[in-house]
Amino acid sequence: MTSLAACLRLARTDSVGPRTWRRLVERYQTPEAALDALPHLPARNGRTQLIPPSPAHIEAEIDATLKIGGQFLTLLDATYPPLLRACPDAPPVISVLGDASCLSKPGVGLVGARNASAHGVRLAESLATELAEAGLVVISGLARGIDRAAHMGALHRHGLTIAAIAGGLDCPYPRENAALHAEIAEKGVLVTEAPLGTTPTARHFPRRNRLIAGLGLGCVVVEAAPHSGTLITARLVVDYGRELFAVPGSPLDSRCRGSNNLLRQGAILTESVADILPNLPAIPACPEKNPPLFPTQTGPVQEGSVKKASTAQNQNKSAVQSAFSLPLPAPAERSGGAPVSPENVREKVLDLLSFTPIPVDDLVRHCQFSASTVLTVLTELELSGCVDSLPGGRIVLAAPHGKDG
C-alpha cells in the first residue's frame, strides 16, 4: 500500500477528522502505523469500532481521480499549500484538478451572497480583476452570485483563480456553473476534500469554506446576510489569523446586514483593491521544504468577534507559515514521584472539561501533565466521541450524539 493510499484510508475513516488525523500520524510516525493502531483504540459512547475503507476502495478512488487528470496532495507532501498547512484543522488530503501550483501562490478570498444584487456582482467582478492584475490569485467557492463574479473577474484578465468546491471534482455545482467549472480546471485549479461522485449537501459546505479561508492571505466579503454561510467563512478567516475585509452596503438591504456587522466588529472597510493590498501580510521568500506537521496555535478567538483576532493577525503578518512540532509522550512520565497512567490523565482531563470550549494550552497548564501526554489522551477521547476539537485550538465535551470533525 502506498503512502498516499494510507493517508487517504485514514482520512476517509469515520470519526477521524483533520486534527485527529494529525495527532495519530504524529503519535505513530506514519499513516500506515496509525491504521494498524485503529483497531486497538477505544470506542465508547455508543461509537462503533473505527474501520477504515478497504484498500481496494481507496485504490479505485485514486485511479478514477488520476484518470480525469486530477491528483492528490497530502499533509506529508512538500507541495501541500503552505498557507493551508498553517491551519490547525487543515484537511489531511485534498483532491486537485488543474494547476496545483496555484494553491501555493499568494491569493485573496472573495465571497458573498448567492442572491447578490447587480451592484454587488459588478463590484465583486471589479475587485477580482484588480486583484488578478496585482498578481494575486482569486479564491472563491464557485457558487452563484458573488462567487461566480469573483472567478469571472479573475479570468477576465487572464488571472489565476482557485475554486474550492464542496462536492467531487466531477460534480459541477450548481449545474449552471458547469462551463465555468471546466474553464477553471483548464486555466486555474479546482480543489476539494470530497471524493469523486460526491454531490454537495449542506454538511459539505463548511469544509469548502475552510479551504477558502485557509488558502488565502485574507478574504473579502461582499454582501452577506445574517447567519449566512458567508459568515462561517468570515469566522474561519478570523480563527486562522488572516485579514478580513468587508464591503459596506445599504442598511436597507438585508443582504448587507451581516457584512456591515463585520465592519462594526473590526473588519477592514473595502471599496477598492487599494484598501486590500497594504493590509496583506508579507510572504516568506523561502518557505520550509519539510515543515512540521503541527502548525503554531494562534490562540482562541471568540466566535463572531473580529476585534478579538487582532493579535493573531499581527502574528500572522510576520510569520504566517510558522509551525511547531509536538514531542511524543514519554513512556514513563511521573507526577510528584508517582507513575502516571493513561486512566489518571483521562480522568483529570474529563474533570476539567465542560460544554464551554477551553484552549488546549489552558487545559495542559491546569492538568500539570506534559503537553504530549495530554494530547495523546485527547486523541483517544476525540476518537471515542467524548470530546470535540474546535477552531482556534480549543477543546470541548462532545454533546450527545455529536460528530467528530
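For the structure itself, consult the block above.
A quick note: this is a predicted structure, and the numbers were derived from the prediction, not measured. (Residues numbered from 1 in each chain as written. Predicted model: local features only at pLDDT ≥ 70, side-chain atom pairs only at ≥ 80, totals over all residues. Heavy atoms only, no water.)

**Focus: the pattern of salt bridges**
In a structure, side chains of opposite charge can pair up when their charged atoms sit close to one another.
Stage number 1. Tallied over the full model, the rule gives seven salt bridges.
Stage number 2. For Arg-144, the salt bridge goes to Glu-176, with nearest N and O atoms at 2.4 Å. Here Glu-176 lies in the loop between strand 5 (161–164) and helix 8 (178–187) and Arg-144 lies in the loop between strand 4 (137–140) and helix 7 (146–156), a separation of 32 residues in the sequence.
Stage number 3. The exposure class of Glu-176 is partly exposed, given its relative accessible area of 46%.
Stage number 4. Among the salt bridges present, the one from Asp-362 reaches Arg-365, with a minimum N-O distance of 2.3 Å. On the criterion of helical spacing, the pair formed by Asp-362 and Arg-365 is a turn pair, its members being three residues apart in helix 14 (residues 360–367).
Stage number 5. Of the residues examined, Asp-362 reaches a relative accessible area of 24% and is grouped as partly exposed.
Stage number 6. Judged by its relative accessible area of 53%, Arg-365 is exposed. (Salt bridge = Lys/Arg side-chain N within 4 Å of Asp/Glu carboxyl O. Helix = DSSP H or I, 4+ residues; strand = E, 2+ residues; numbered from the N terminus. Buried < 20%, exposed > 50% of the residue type's maximum accessible area, 1.4 Å probe, protein only.)

**So, the packing of aromatic side chains**
Stage number 1. Applying the stated rule across the entire model yields one aromatic pair.
Stage number 2. Here the aromatic rings of Tyr-173 and Phe-205 are separated by 6.1 Å at their centres, their planes lie at 55°, and the arrangement is tilted. Note that Tyr-173 is positioned in the loop between strand 5 and helix 8 and Phe-205 in helix 9 (residues 205–215), a separation of 32 residues in sequence.
Stage number 3. Tyr-173 gets classed as partly exposed once you look at its relative accessible area, which sits at 39%. (Phe/Tyr/Trp six-rings, centres within 6.5 Å; stacked < 30°, edge-to-face > 60°.)

**Some remarks on the packing of helix 13 (residues 342–352) against helix 14**
Stage number 1. At a minimum axis separation of 10 Å, helix 13 and helix 14 run at an interaxial angle of 120°. Judged by the inter-axis angle, helix 13 sits oblique to helix 14. Considering the relative orientation of helix 13 and helix 14, their crossing is right-handed. Judged by residue contacts, Lys-348, Val-349 and Leu-352 of helix 13 engage Leu-363, His-366 and Cys-367 from helix 14. (Axes fitted to C-alpha atoms, helices over the stretch in contact; angles between N-to-C directions. Parallel < 35°, antiparallel > 145°, perpendicular 65-115°, else oblique. Left-handed = near helix turned anticlockwise from the far one by under 90°. Contact = heavy atoms within 4.5 Å.)

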